[in-house]
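# Fold and contact review
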Amino acid sequence: MPIRVILAEDSYLVREGVRRLLESEPAIDLVAVCEDYDSLLVAIASAEPDVVLTDIRMPPTGTDEGVRAAERLREVRPAAGVVLLSQYADPAYALAFLQHGTQGRAYLLKERLSDLDQLLAAIRVVAGGGSVIDPKVVETLVAARSLATQSPLSRLTPREHEVLSLIAQGNSNAAVADRLVLSERAVEKHINSIFAKLDLPEARDAHRRVKAVLLFLAEQS
Amino acid sequence: MPTRPVAVLIVDDQAFFRSAAQAVLAVMPGFAAVGEACSGEEAVARVEELAPELVLMDIHLPGISGIEATRRIRSAHPGTEVMLLSTYRAEDLPGGARECGAIAYLHKEDFEPEVLERIWAERAPS
């Protein structure tokens, strides 16, 4: 039985190239070709795919359509696989794509398209519930993770992180206490612990508070 | 009305993009792929041999770049037009891309039959 594949890609050149590759492959039944998110959702609902091969960025927003379509597929057709194609290795998209598990998921860079065998192998693997992650994507995930580990913010407990996040939003200690259902004294203790972990030496509290918030915001961006 | 399609040479080191460009040209009656090359040096040799009217030239190639290959082709064969086709954003184009004699630069993501037809109609000598 050939694998039923939906292809979604807004770039004409890539779409036609992949279409040609897949149509020449007897083990693949190309059941739909889509150019945007809406037509992909229609195809997912109607074409009974085994695998969706999709670009990440497509109309209408050109941001994370492929990742969202993969989420939708997980809801309506959980056994189907997804091969996500990306121009660049983007750890944020990769994490969003894989957050509910790697089963039946492949994340490939478009530069791999030159290797037809690799693309077909990825389609076969995800159709069988397996996973393929491009080595370059793994590298960027590891790099992003080690960067996060090196950050002084990684030393904070989840609660301290919450407190600092609220401070960064302009909340006073009393407001933070209110939001987290803590005493003001408990909030102060958290804040002192945050200052210590962020290596902010004792100085005027307002100054340390601003620095801690700047560190927090720098990592958010 | 042109009676003969525009002869096109496709230059890209990635087989996928050569095949993709072939697929696009196959649906365009006004254009016909007459050959392929995988490097700048091979592109120069293939132009010599095939005398295409248009070269679709990738920029990042092994050996000489697509930009240098375009210079050589335009210098030796002024009747052959070159269109650069790559994945650089316009603002990140390498030096020389705008002065190498190519009629246009196009991002691979923007390459469509209508765009190719328009650029050819607007830029090619009549």
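Look up a bit, the structure's there.
Below or above, wherever it landed, is the structure these notes cover.

Criteria and cut-off values
- Residues numbered from 1 in each chain as written.
- Chains lettered and ligands numbered in written order.
- Predicted model: local features only at pLDDT ≥ 70, side-chain atom pairs only at ≥ 80, totals over all residues.
- Helix = DSSP H or I, 4+ residues; strand = E, 2+ residues; numbered from the N terminus.
- Rg over C-alpha atoms; globule rule 2.2 N^0.38 Å.
- Buried ≥ 20, exposed ≤ 12 C-beta atoms within 10 Å, placed from the backbone.
- Contact = placed C-beta atoms within 7 Å.
- Pairing = 2+ DSSP bridges.
- Axes fitted to C-alpha atoms, helices over the stretch in contact; angles between N-to-C directions.
- Nonpolar A, V, L, I, M, F, W, Y, C, P; charged D, E, K, R; others polar.
- Core = buried A, V, L, I, M, F, W, Y, C linked by C-beta atoms within 7 Å.

Moving on, we come to the overall build of chain B. Each helix and strand in chain B was counted, giving 4 helices and 5 strands. Starting at the N terminus and walking to the C terminus, you meet the elements of chain B as β-α-β-α-β-α-β-β-α. On C-alpha atoms alone, chain B measures out to a radius of gyration of 13 Å, which is about the 14 Å that the 2.2 N^0.38 rule sets for 126 residues. Once the C-alpha set of chain B is aligned to its principal axes, its extents read approximately 35 × 30 × 30 Å. Counting the 126 residues in chain B, one finds 39% classified as buried. At a minimum sequence separation of 6, the contacts of chain B that also span at least 24 residues come to 60%.

Now for the sheet that holds strand S5 (residues 105-109) of chain A. Residues and elements named next belong to chain A. Taken in spatial order, the 6 strands line up as S2-S1-S3-S4-S5-S6 in an open sheet, and their pairing is parallel. Where the open sheet ends on each side, the last strands, each with one partner, are strand S2 (28-34) and strand S6 (131-133). The average angle at which neighbouring strand axes cross in this sheet is 20°, direction not considered. Across 4 bridges, the pairing between strand S1 (residues 3-8) and strand S3 (residues 51-55) is parallel. Each bridged residue has a counterpart across the sheet, and for Ala-8 the counterpart in S3 is Thr-54. Across the face of the sheet, helix H3 (residues 65-76) comes into contact with S1, S3 and strand S4 (81-86) while running at roughly 160° to S3.

Attention now moves to the interface of chain A and chain B. Across the boundary between the two partners, chain A contributes 10 residues, which contact 13 residues of chain B. Along the lines of polarity and charge, the residues of the side of chain A that touches chain B split into 5 nonpolar, 3 polar and 2 charged.

This part is about unusual backbone geometry. All names here are of chain A. Here the amide bond leading from Pro-59 into Pro-60 is cis, since omega sits at 15°, within 30 degrees of zero. When you line up the elements, Pro-60 lands in the loop between S3 and H3. Even without glycine at this site, Glu-48 takes up a positive phi of about 50°. Within the secondary structure layout, Glu-48 lies in the loop between helix H2 (37-46) and S3.

Attention now moves to the nonpolar core. Residue and element names in this part refer to chain A. In terms of nonpolar packing, the biggest core is built from 81 residues, with Val-83 and Ile-123 touching the most fellow members. Among residues more than four places away in sequence, those in contact with Val-83 are Val-51, Leu-53, Ala-106, Leu-108, Ala-122, Ile-123 and Val-126. Core analysis: the next-biggest nonpolar cluster, separate from the first, contains 10 residues, Val-163, Ile-167, Val-187 and Ile-194 among them.

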